[in-house]
Amino acid sequence: MDKLLIEGGVRLHGEAAISGAKNAALPLLCAALLTREPVTFTNVPQLNDIGTLLKILAQMGVQVERDAAANRVTLDASGLDNPVAPYELVKTMRASILVLGPLVARLGEARVSLPGGCAIGARPVDQHIKGLQAMGAEVRVEHGYVHASVPRLKGARLFTDMVTVTGTENLMMAACLADGETIIENAAREPEVVDLANCLVSMGARITGAGTDVIRIRGVERLSGTTHRIMPDRIETGTYLCAAAATGGEIRLTNTSSCYLDAVLDKLMDAGCEVTPERDAIRLKAPARLTAVSIRTSPYPAFPTDMQAQFMAINCVAEGAAMIRETIFENRFMHAVELQRLGADIRIDGNTAVVQGVARLEGATVMATDLRASASLVIAGLVAEGETVIERIYHLDRGYERLEDKLAALGAQVRRLD
Ligand code: EPZ
């Protein structure tokens, strides 16, 4: 079980390149199921989650050509003949549910394991199922699998009970090959939804409204292949910005964009950082000590839940007290007890955490519980005095490409222990 050893106290400085977005790559790879022609993706991040999804697609009959070093993947689903996503693979990567919509649209059937919960919450998929049923699919849940079938989906007016990112993505993909027009109301507005819509349109889909809360899709008979460059990872970008902010550093992140991070950049500036957006880069210069900033997570374009843990970490050493409200997931404060082991002053009350900044944290051994929680422990370890060992860092490897290399390039004293 790999561990990460961090010697804290170094102000991050220098440059690091941001990878393609995990949460754009996952739905995009599934979109290749919708066509018999090859689809090539560039700027694909090298992450465990990507590897897991490619395994799921390969066992369905998709030809996978991966040039990991070139961050390039080509998928050919002309031989797609197995509509099953098995539990043993799906349980390790919940976003595999994103094969459901494309399978039903392309093959008229799907048997996809229910993803099950994860550390941050129950993560139900009822909205995905409700939408497919509204489009005419017969869907039943049996023995832990979602069984869906229909000769051809029909366009419908869909309204999700809450904003759901992968729910919107699944239904948008399914609607591309449906008979007639589908309208998704209360749609997720995340940039990753827009990146997926742009790719689908380049494959011949007829989609308008992506990025707003009403997306219209007029179904077509078939889609063609394409080549698509995956957008930069805004959460990876925000994570490194927080690491520099917490350590009083000055960094420049390349191969990224500031235009998807307004809510996060505003909060970093409120905390006292100088943030300078460039064309494909962002620079940040931190003050000697941050000012505490309160946050409340909400769907895009408001403050993203995937940055909540990282901001809890920076508030641990900021001047003053901060209130953190988590409104998206029911159990996304597990990093708090680990941060307390490092000396943080955090009080949890339901979905609200109050963080009182302390003068310093002290290194200790801590345990990662989920992807973004582990990122917050890395940030805390970078500022803590002495050594911090983070256990179960397989969580990190799911969402951060070559994390220790990028941190080392920014001057951090960090290494992986087998
Ligand atoms: C996506 O998860 C992201 N994952 C998550 O990132 C992110 O935290 C989340 O959106 C919110 O922004 C990917 O894109 C692969 P939701 P998703 O459906 O789509 C409830 C990370 O760290 N809900 O938007 O699974 C749900 O329980 C990950 O990279 C239902 O009740 O999240 C949650 O409370 C973590 N029924 C809320 O809606 C449904 O059918 C939002 O969930 C669907 C969702």
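Predicted model, so just to flag it, every value in this text is computed and none were measured.

(A) Geometry of the overall build of the chain. Within the chain, the secondary structure is distributed over 14 helices and 24 strands. For 418 residues, the compact-globule estimate of 2.2 N^0.38 gives 22 Å, and the C-alpha radius of gyration of the chain, at 21 Å, lies within 12% of that figure. Considering only C-alpha atoms, the chain reaches an extent of 65 × 45 × 40 Å along its principal axes. For the chain, buried positions account for 58% of its 418 residues. Long-range pairs, those at least 24 residues apart, make up 73% of the contacts in the chain with a sequence separation of at least 6. A total accessible area of about 15800 Å² is found for the chain, and carbon and sulfur atoms account for 47% of it.

(B) Up close: the site of the ligand. Taken together, 23 residues lie around the ligand, and Q127, T164, T166, D306 and I328 are the ones closest in. Within the backbone of P124, an N or O atom sits 3.3 Å from an oxygen atom of the ligand. Here an oxygen atom of the ligand sits 2.6 Å away from a polar atom, N or O, in the main chain of I328. Against a free-state accessible area of 830 Å², the protein chains account for coverage of 88% of the ligand. Secondary-structure elements contributing two or more residues to the shell around the ligand are α1 (22–31), α5 (126–134), α6 (165–175) and α12 (371–383). When residues in the shell around the ligand are grouped by element, the largest group, three residues, is from α5. Residue classes in the shell around the ligand are distributed as ten nonpolar, six polar and seven charged.

(C) Quick look at the sheet that holds strand β2 (residues 13–17). The mixed open sheet is built from four strands, whose spatial order is β2-β15-β17-β16. Each having just a single partner strand, β2 and β16 (274–277) make up the two edges of the open sheet. The mean angle between the axes of side-by-side strands here comes to 15°, regardless of whether they run parallel or antiparallel. Bridge count for β2 against strand β15 (residues 250–254) is five bridges, and the pairing is parallel. Directly across from G14, in β15, lies its bridge partner I251.

(D) Molecular detail of the UniProt feature "active site" (unreviewed entry) in the chain. If you check UniProt for "active site" (unreviewed entry), the listed places come out as C118 in our numbering. By the secondary structure assignment, C118 is in the loop between β7 (109–113) and α5. Non-local contacts of C118, meaning those with residues more than four positions away in its chain, are made with R94 and R123.

(E) Representation of the packing of aromatic side chains. Per the counting criterion, the structure on display carries one aromatic pair. A ring pair is formed by F303 and F311, whose centres lie 5.0 Å apart and whose planes are at 85°; its orientation type is edge-to-face. One exposure class covers both F303 and F311, and it is buried.

(F) Up close: the state of the cysteines. Evaluated as defined, the whole model comprises zero disulfides. For C30, which is in no disulfide, the shortest distance to another cysteine sulfur is to C199 and amounts to 12 Å. A disulfide-free cysteine, C242 has its sulfur positioned 8.3 Å from the sulfur of C273, the nearest such atom. Residue C242 is classed as buried on the basis of its relative accessible area, which comes to 0%.

(G) Up close: the nonpolar core. In this structure, F41, L57, V99, L153, M172 and L200 are the most contacted members of the largest nonpolar core, which totals 77 residues. If you tally residues by element for this core, the top one is α1, at seven residues. Discounting chain neighbours no more than four positions away, the residues touching L200 are A31, L34, M172, M173, C176, A205, I207 and L223.

(H) Structural context of the pattern of salt bridges. Applying the stated criterion to the full structure yields 24 salt bridges. E221 is the partner of R152 in a salt bridge, and the nearest nitrogen-oxygen pair spans 3.2 Å. Of the two residues, R152 is situated in the loop between β9 (145–149) and β10 (157–159) and E221 in the loop between β13 (214–218) and β14 (226–229); the sequence distance between them amounts to 69 residues. Using a relative accessible area of 59% as the deciding quantity, one classes E221 as exposed. In the salt-bridge network here, residues are joined through shared partners; they are D2, D397, E404 and R416.

(I) Just the side chain of T35, in detail. Inspection of the secondary structure assignment puts T35 in the loop between α1 and β3 (39–42). Under the relative-accessibility criterion, T35 is labelled buried at 1%. Separated by 3.0 Å, the side chain of T35 and the backbone nitrogen of E37 make a polar contact. Setting aside residues no more than four positions away along its own chain, T35 makes contact with A77, R106, M203, L223, S224 and G225.

(J) Layout of the pairing of strand β21 (residues 352–356). As judged from the five bridges shared by strand β19 (residues 321–325) and β21, these two strands associate in the antiparallel manner. Bridged to A322 within β21 is V355. Taken together, the five bridges between strand β20 (residues 345–349) and β21 define a ladder with antiparallel strand orientation. Its bridge partner being in β21, D345 is matched across the sheet by Q356.

(K) Looking closely at the pairing of β7. Both strand β6 (residues 84–85) and β7 contribute to a ladder of two bridges, which runs parallel. If you follow V84 over to β7, its bridge partner there is R111. Bridge count for β7 against β9 is five bridges, and the pairing is antiparallel. Pairing of S113 across the sheet is with Y145, part of β9.

What counts, and at which threshold
Residues numbered from 1 in each chain as written. Predicted model: local features only at pLDDT ≥ 70, side-chain atom pairs only at ≥ 80, totals over all residues. Heavy atoms only, no water. Helix = DSSP H or I, 4+ residues; strand = E, 2+ residues; numbered from the N terminus. Rg over C-alpha atoms; globule rule 2.2 N^0.38 Å. Buried < 20%, exposed > 50% of the residue type's maximum accessible area, 1.4 Å probe, protein only. Contact = heavy atoms within 4.5 Å. Areas by Shrake-Rupley, 256 points an atom, 1.4 Å probe, with all protein chains shown as cover. Near = heavy atom within 4 Å. Polar contact = N/O pair within 3.5 Å; in protein donor to acceptor, adjacent residues only side chain to side chain. Nonpolar A, V, L, I, M, F, W, Y, C, P; charged D, E, K, R; others polar. Pairing = 2+ DSSP bridges. Axes fitted to C-alpha atoms, helices over the stretch in contact; angles between N-to-C directions. UniProt positions renumbered as here; feature names shortened; annotations may be inferred. Phe/Tyr/Trp six-rings, centres within 6.5 Å; stacked < 30°, edge-to-face > 60°. Disulfide = S-S within 2.5 Å. Core = buried A, V, L, I, M, F, W, Y, C linked by side-chain atoms within 4.5 Å. Salt bridge = Lys/Arg side-chain N within 4 Å of Asp/Glu carboxyl O.

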